[in-house]
Amino acid sequence: QHARMRSCGAVAAAAATAVLKLAAAWTVSDHAWFPTVYVPALPHRMLLALLLPPLCRMRDGAMGGSPYQPPDCQGFATGLAVDPNGAQHQGSAQEQLATLLHRTDWVRFALAGNLKDFEAQVADGRLVAGQHDTYHGNQPLAYGCDPAENVVFNGCHDNETIFDQVMMKLGRHVGADGRARVCGLSHALVVLSQGVPFIHAGDDLLRSKSLDRDSYNSGDWFNRIDWTGQHNNFGVGLPPASKNQQAWEFKRPLLAAADQYRPSPAIIARQAAYFKALLRIRYSSPLFRMPTAEHIKQQLRFHNTGPQQVPGVIVLQLHSSWQPDHGSWDPQHKQVLVVFNARPEPYEAEFPEGAEWYKLHPALAALQEDAMVQLCTADNEQRRLHVSPRMAAVFVQPR
């Protein structure tokens, strides 16, 4: 085993200049050829310098729960407390709100690069470094030293796709259009994070595997992607028993109502265009790709935090350095402001402190056929922002 590991390390070292390698860090007692000494279960103890582990903090905070909790557990993006699905195990309205505020902190620290020394105001009002907040009760929330260590995702090769997670977590009252918007919000949380965005193939097309939680052995019927955007593959059958049978009774009525929830080709095309706009936004400003922890700590700030925050809303402000050699410099923008509105109604707020004026990012302004995007506005006379429901909007202050 050790010889095999050394061989893999040699191959990785030879390719290191050209390839970024991602690896899930698991300790498995049976059938695992990675010895525990090399791949511990907790990513913050990982010893393989060339392999980056995808991090679950964003997924569990944004989508809700974990792969080992009931599939209808909600999170920041999927309506916890602000658009409840009626699942009794999530507790009372007050308990759901407390859980939401804590999971929103998970999302904030993931957006900021999962840095152990990054400080933010958390739900109870304290100013806390990421390493001193907790994830699922007993793990440090953030533990990274460099944003490149933050491989951030909401959908992955195993477990359900983003669309399928949204199907299981939203209340039955939310139709196809609203579910598609939540998918877009989930994509925005990943694409606009500091670090390395990890996108599942077909997520931009609202890809479904018909609620299959692990399709490794499910064949093309459940794994296919319609690249023409005419069908997202939701409702093609009950997923195989091997990984899904214990949840069949939960999944069966959702699949039976596939015609009610399956997105039309027009909705798929709209969300694909929104996803492309998010990619253009990420690469329009180096502020979304800051290379060091110091830059992030100096130039990234959250608003709407602490116990008095509006639940279901994250406000992220990015400041360019004042000149090119004093941090991350954006030659086009003085500031970028991102509002993630997970609420089922519009969000309105005053401009954050230090803002002079804003306009909708040109990549979003170009989506003229998407009425909900066009309703995201910055009123510079009244100094107020308006963001549509279940939407991430990006505003810029040009130089």
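In this text the structure is predicted, and so the values were computed from the model without any measurement.

Calculation criteria
- In every chain, residue numbers begin from 1 and rise along the written sequence.
- Given that this is a predicted model, residues contribute local features only at a pLDDT of at least 70 and side-chain atom pairs are listed and counted only at 80 or more, while totals for whole chains, interfaces and linings are drawn from all residues.
- Processing note: side-chain calculations cover all non-hydrogen atoms of the structure and skip hydrogens and water entirely.
- Structural elements are reduced to axes, namely lines fitted to C-alpha atoms, with helices fitted over the stretch in contact, and the angle between N-to-C directions of any two is expressed from 0 to 180 degrees.
- Counting from the N terminus, the helices are DSSP H or I runs at least four residues long and the strands are E runs at least two residues long.
- By the definition adopted for this analysis, an angle is roughly parallel if under 35 degrees, roughly antiparallel if over 145, roughly perpendicular if from 65 to 115, and oblique otherwise.
- Helix crossings are classified by the rotation of the near helix relative to the far one: an anticlockwise turn of less than a right angle makes the crossing left-handed, while a clockwise turn makes it right-handed.
- We call two residues in contact when some of their heavy atoms are within 4.5 Å.
- Note on residue categories: nonpolar means Ala, Val, Leu, Ile, Met, Phe, Trp, Tyr, Cys or Pro, charged means Asp, Glu, Lys or Arg, and polar means any other residue, Gly included.
- Working rule for helices: expected span equals 1.5 Å times residues minus one.
- Three exposure classes are used, based on accessible area relative to the maximum for each residue type with a 1.4 Å probe and protein chains only: buried under 20%, partly exposed in between, and exposed over 50%.
- A pair of aromatic rings is counted whenever rings of Phe, Tyr or Trp (Trp by its six-membered ring) have centres within 6.5 Å, and the orientation is called stacked for planes under 30 degrees apart, edge-to-face for over 60 and tilted otherwise.
- A ring has a charge above it when a Lys NZ or an Arg CZ is no more than 6 Å from the ring centre and no more than 35 degrees off the ring normal.
- Here, the arc refers to the directions that run from the helix axis to the C-beta atoms.
- We define a polar contact as two N or O atoms separated by no more than 3.5 Å, with the added condition that, inside protein, one atom must be a possible hydrogen donor and the other a possible acceptor, whereas residues neighbouring each other in sequence contribute only through side-chain atom pairs.
- The term nonpolar core refers to a set of buried residues drawn from Ala, Val, Leu, Ile, Met, Phe, Trp, Tyr and Cys, joined through side-chain atoms within 4.5 Å.
- What makes two strands pair is DSSP finding at least two bridges between them.

Chemist: What is the right way to read the packing of helix H4 (residues 162–169) against helix H5 (residues 176–191) from this model?
Modeler: Relative placement of two packed helices is described by the angle separating their axes and the distance separating the axes. Relative to each other, H4 and H5 sit at 125°, their axes nearing to 9 Å. Overall, the two elements H4 and H5 adopt an arrangement that is oblique. Crossing of H4 over H5 shows right-handed handedness. On the side of H4, the interface is formed by Ile162, Phe163, Val166 and Met167, while H5 contributes Arg179, Val182, Cys183, Ser186 and His187. Residues that form the contact of H4 with H5 fall into these classes: six nonpolar, two polar and one charged.

Chemist: Whenever I open this one, the environment of Gly64 confuses me. Can you help?
Modeler: Among the secondary structure elements, Gly64 is positioned in the loop between helix H2 (57–63) and helix H3 (93–111). Taking the C-alpha atoms as reference points, Gly64 and Thr99, separated by 35 residues in sequence, lie 9.8 Å from one another. With near-sequence residues (within four places) excluded, Gly64 lies in contact with Arg59, Cys73, Gln74, Gly75, Arg103 and Lys169.

Chemist: What exactly am I supposed to notice about H3 here?
Modeler: Note on helix geometry: an α-helix contains 3.6 residues per turn, so any two residues three or four positions apart are oriented the same way. Taking 1.5 Å of rise per residue, the 19 residues of H3 would be expected to cover 27 Å, and the 26 Å separating its terminal C-alpha atoms lies within 8% of that figure. Those residues of H3 not exposed but buried are Gln96, Leu100, Leu101, Arg103, Thr104, Asp105, Trp106, Val107, Arg108, Phe109, Ala110 and Leu111.

Chemist: How do you make sense of the packing of aromatic side chains when you look at a structure like this?
Modeler: Any two aromatic rings considered together are summarised by their centre-to-centre distance and by the angle between their planes. If you walk through the whole model with that rule in mind, you get six aromatic pairs. When the ring of Phe109 is compared with that of Phe118, the centres are 6.1 Å apart and the planes differ by 85°; the resulting orientation is edge-to-face. On the basis of relative accessible area, Phe109 is assigned to the buried category, the value being 3%. Looking at Phe118, the relative accessible area reads 3%, which means it is buried. Each ring, one from Phe351 and one from Tyr358, has its centre 5.2 Å from the other, and the planes form 70°; the classification is edge-to-face. Here Phe351 and Tyr358 have matching classes, each one buried. An aromatic cluster is built from Phe109, Phe118 and Phe302, whose rings are joined through pairwise contacts. The ring of Trp221 carries Arg224 above its face, with NZ or CZ at 4.6 Å from the centroid.

Chemist: Would you take a moment to explain helix H8 (residues 248–256) for this structure?
Modeler: Residues of H8 that are buried: Trp248, Lys251, Leu254 and Leu255. All buried residues of H8 lie within an arc of 130° about the axis, which places them on one face of the element. Along H8, the residues that are exposed and aim more than 90 degrees away from the buried face are Glu249 and Ala256. In this structure, the buried residues of H8 make contact with H4, helix H7 (241–244) and helix H9 (258–261).

Chemist: Quick question: what am I supposed to make of the side chain of Gln165 here?
Modeler: Tracing the chain through its elements places Gln165 in helix H4. One polar contact links the side chain of Gln165 to the main-chain carbonyl oxygen of Asn154, over a distance of 2.8 Å. Those residues in contact with Gln165 that lie beyond four places of it in its chain are Arg59, Met63, Asn154, Gly155 and Glu160.

Chemist: What am I meant to see in the nonpolar core here?
Modeler: When a protein is soluble and globular, its nonpolar side chains tend to lie buried together. Of all hydrophobic cores here, the largest spans 95 residues; its most connected members are Leu192, Phe340 and Phe395. When residues of this core are assigned to their parent elements, the largest contribution, nine residues, is made by H5.

Chemist: How do you make sense of the environment of Asp325 when you look at a structure like this?
Modeler: If you trace the backbone, Asp325 turns up in the loop between strand E11 (313–319) and strand E12 (333–341). Classification of Asp325 as exposed rests on a relative accessible area of 61%. Polar contacts involving the side chain of Asp325 include one to the side chain of Gln323, which spans 3.0 Å. Side chain to side chain, Asp325 and His326 meet in a polar contact 2.7 Å long.

Chemist: What am I meant to see in the sheet that holds strand E13 (residues 347–350) here?
Modeler: Strand pairing in a sheet relies on backbone hydrogen bonds. The paired strands run either parallel or antiparallel. Spatially, three strands are ordered E13-E16-E15 in an open sheet, and the strand pairing comes out antiparallel. Two strands bound the open sheet, and with one partner strand each, they are E13 and strand E15 (377–379). If you compare each strand with its neighbour and ignore which way they point, the axes differ by 15° on average. In this structure, E13 lies alongside strand E16 (residues 384–387), joined through four bridges in antiparallel fashion. The residue bridging Tyr347 from the neighbouring strand is Val387, located in E16.

Chemist: Can you help me understand the packing of H5 against helix H10 (residues 265–284) in this one?
Modeler: Where H5 meets H10, the closest approach of the two axes is 10 Å, and the angle between their N-to-C directions is 15°. Viewed along their axes, H5 and H10 adopt a mutual orientation that is roughly parallel. Relative to H10, H5 is oriented so that their crossing is right-handed. Touching Ala176, Asp177, Ala180, Arg181, Gly184, His187, Ala188 and Val191 of H5 are Ile267, Arg270, Gln271, Tyr274, Phe275, Leu278, Leu279 and Arg282, all from H10. When the residues that make up the contact of H5 with H10 are grouped by side-chain class, the tally is nine nonpolar, three polar and four charged.

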